[in-house]
Amino acid sequence: MALLKVKFNQKKRVKLAQGLWLMNWFSVFAGILVFSMGLFLKIELRKRSEVMDNSESHFVPNSLILMGILSCAFNGFAGKICYDSLDPTKFAKWKPLLRPYLALCFLFNILLFFVALVCFLMRGSLESTLAQGLKNGMKFYRDTDTPGRCFMKKTIDMLQIEFKCCGNNGFKDWFEIQWISNRYLDFSSKEVKDRIKSNVDGRYLVDGVPFSCCNPSSPRPCIQYQVTNNSAHYSYDYQTEELNLWRRGCREALLHYYSSMMSSMGAVVLLVWLFEMSVMAGLRLLHTSLESIPNPEDPECESEGWILENSLKDTLKSALESLKKLGKFNQVEAEGEGAEGEEGGKTTAITTVS
């Protein structure tokens, strides 16, 4: 029994074709939207590529850009088919292409659904990318005189100001790295010498943070040096007082920013996928209703359209059988080639003996 069998007369077929033509053009605009989202996300990721460890995060925007282009191409082509289906003479040239085109549409919709899922599932990969990238970026913060790294200080400072964050996981991350360049250290000072000697790696570590970690909304002037030293500041208790530094780490801030953006895009792509599926189903109904016209010379006669010629269970069963037959055919072909090779080897051996 056919799945979703519907009876059509000429008037219904014309209405279906016109409706699908309009829906295809809406899908073209949806494809442009998906393409634009991918482009926007790619630009946003490139802005902060210096604090990202690898290029895996660009898989989502690249996929969205590709899906947007394919959506415009597929739906533009489908719109032309629907328009020509109103004229039997014009539709005749598209008739042999419809079945393979619908198969391609089905594959396209599977890919589109996969891209929508990836938008929701990229959080874990993005988190590790940001964690390692920010860690490396903070190490190079002091290298203002090193070619290729001289921009890192400005990048980190602008990032912390824009996202109101400090460090990788928090402001204490700055205590574990030397973020002040040796160029600005007075090595004749006893304090500097003692700090460097007290560290195994010979680094100048301080319980301070860059100025970009300061919260301008705080009523107190920013305490960015000797943060953990209560005696260094008047009426100050490191443990109990609300510090005038950003509490949130930049990894968390960036992860929230990009995750929420990707989740919103994933929701939009899912809606586009549902719309594309409805367009594909309508195109299948139009295709089968035009193919099943009993008398092609009488376009006004009734016909039947369906999504699947058999039930879903029977369709899946026949698809599996076809795959099995294809596998057996390839196996037999491989065995035949192997036998031919053995016979050729034997013939060569006999010739040599002779």
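About the criteria used
- Residues numbered from 1 in each chain as written.
- Predicted model: local features only at pLDDT ≥ 70, side-chain atom pairs only at ≥ 80, totals over all residues.
- Heavy atoms only, no water.
- Helix = DSSP H or I, 4+ residues; strand = E, 2+ residues; numbered from the N terminus.
- Buried < 20%, exposed > 50% of the residue type's maximum accessible area, 1.4 Å probe, protein only.
- Areas by Shrake-Rupley, 256 points an atom, 1.4 Å probe, with all protein chains shown as cover.
- Core = buried A, V, L, I, M, F, W, Y, C linked by side-chain atoms within 4.5 Å.
- Contact = heavy atoms within 4.5 Å.
- Phe/Tyr/Trp six-rings, centres within 6.5 Å; stacked < 30°, edge-to-face > 60°.
- Disulfide = S-S within 2.5 Å.
- Axes fitted to C-alpha atoms, helices over the stretch in contact; angles between N-to-C directions.
- Parallel < 35°, antiparallel > 145°, perpendicular 65-115°, else oblique.
- Left-handed = near helix turned anticlockwise from the far one by under 90°.
- Nonpolar A, V, L, I, M, F, W, Y, C, P; charged D, E, K, R; others polar.
- Salt bridge = Lys/Arg side-chain N within 4 Å of Asp/Glu carboxyl O.

(A) Quick look at the overall build of the chain. Of regular secondary structure, the chain possesses 9 helices and 2 strands. Traced from its N-terminal end to its C-terminal end, the chain shows the element sequence β-α-α-α-α-α-α-α-α-β-α. Split into buried and exposed, the 354 residues of the chain put 40% on the buried side. Counting every atom, the chain has about 20,800 Å² of accessible surface; 61% of that belongs to carbon and sulfur.

(B) The nonpolar core, seen in detail. In terms of nonpolar packing, the biggest core is built from 82 residues, with Leu-41, Leu-64, Phe-171 and Trp-174 touching the most fellow members. Contributing elements (two or more residues each) for this core: α1 (10-47), α2 (59-84), α4 (95-121), α5 (123-139), α6 (152-163), α7 (190-197) and α8 (250-291). Broken down by element, the residue count for this core peaks at 16 residues, all from α8. If sequence neighbours within four positions are ignored, Trp-174 has contacts with Met-138, Tyr-141, Ile-156, Gln-160, Cys-166, Gly-167, Trp-179, Val-206, Gly-208, Val-209, Pro-210 and Cys-213.

(C) Spatial organisation of the environment of Ile-81. Positionally, Ile-81 belongs in helix α2. Linking Ile-81 and Leu-98, residues 17 residues apart in sequence, is a C-alpha distance of 8.7 Å. Those residues within four positions of Ile-81 in sequence are excluded, and the remaining contacts are Phe-91, Trp-94 and Leu-98.

(D) Main features of the packing of aromatic side chains. By the definition in use, this model includes 11 aromatic pairs. Considering the side-chain rings of Phe-74 and Tyr-101, the 6.0 Å spacing of their centres and the 50° angle between planes classify their relative orientation as tilted. Residue Phe-74 is found in helix α2, and its partner Tyr-101 is found in helix α4; the two are separated by 27 residues along the sequence. For the pair Phe-74 and Tyr-101, a shared accessibility class is recorded, and that class is buried. Ring centres 5.2 Å apart and planes at 70° place the aromatic pair Tyr-257 and Tyr-258 in the edge-to-face group. Using a relative accessible area of 27% as the deciding quantity, one classes Tyr-257 as partly exposed.

(E) The state of the cysteines, seen in detail. For the structure on display, the rule yields 3 disulfides. Counting its disulfide-bonded cysteines in sequence order, the chain shows a connectivity of 1-6, 2-3, 4-5.

(F) Main features of the packing of α4 against α8. Interhelical geometry of α4 versus α8 gives an angle of 165° and a closest axis separation of 9 Å. For the element pair α4 / α8, the angle class is roughly antiparallel. Crossing of α4 over α8 shows left-handed handedness. Looking at the contact of α4 with α8 residue by residue, the class counts come to 20 nonpolar, 4 polar and 5 charged.

(G) A look at the pattern of salt bridges. Under the definition given, this model contains 8 salt bridges. Lys-47 is the partner of Glu-44 in a salt bridge, and the nearest nitrogen-oxygen pair spans 2.9 Å. Here Glu-44 pairs with Lys-47, and both are found in helix α1, just 3 residues apart, close to one helical turn. Take Glu-44: its relative accessible area is 5%, and that puts it in the buried class. Classification of Lys-47 as partly exposed rests on a relative accessible area of 48%. Where Arg-195 meets Glu-191, a salt bridge forms, and the shortest distance between an N and an O atom there is 3.7 Å. Taken together, the residues Arg-195 and Glu-191, both in helix α7 and 4 residues apart, mark about one turn of the helix. In this structure Glu-191 comes out as partly exposed when scored by relative accessible area, which is 48%. Each of Glu-44, Lys-47, Arg-48 and Glu-162 takes part in a single network of salt bridges with overlapping partners.

Honestly, it's all geometry; don't read function into it.
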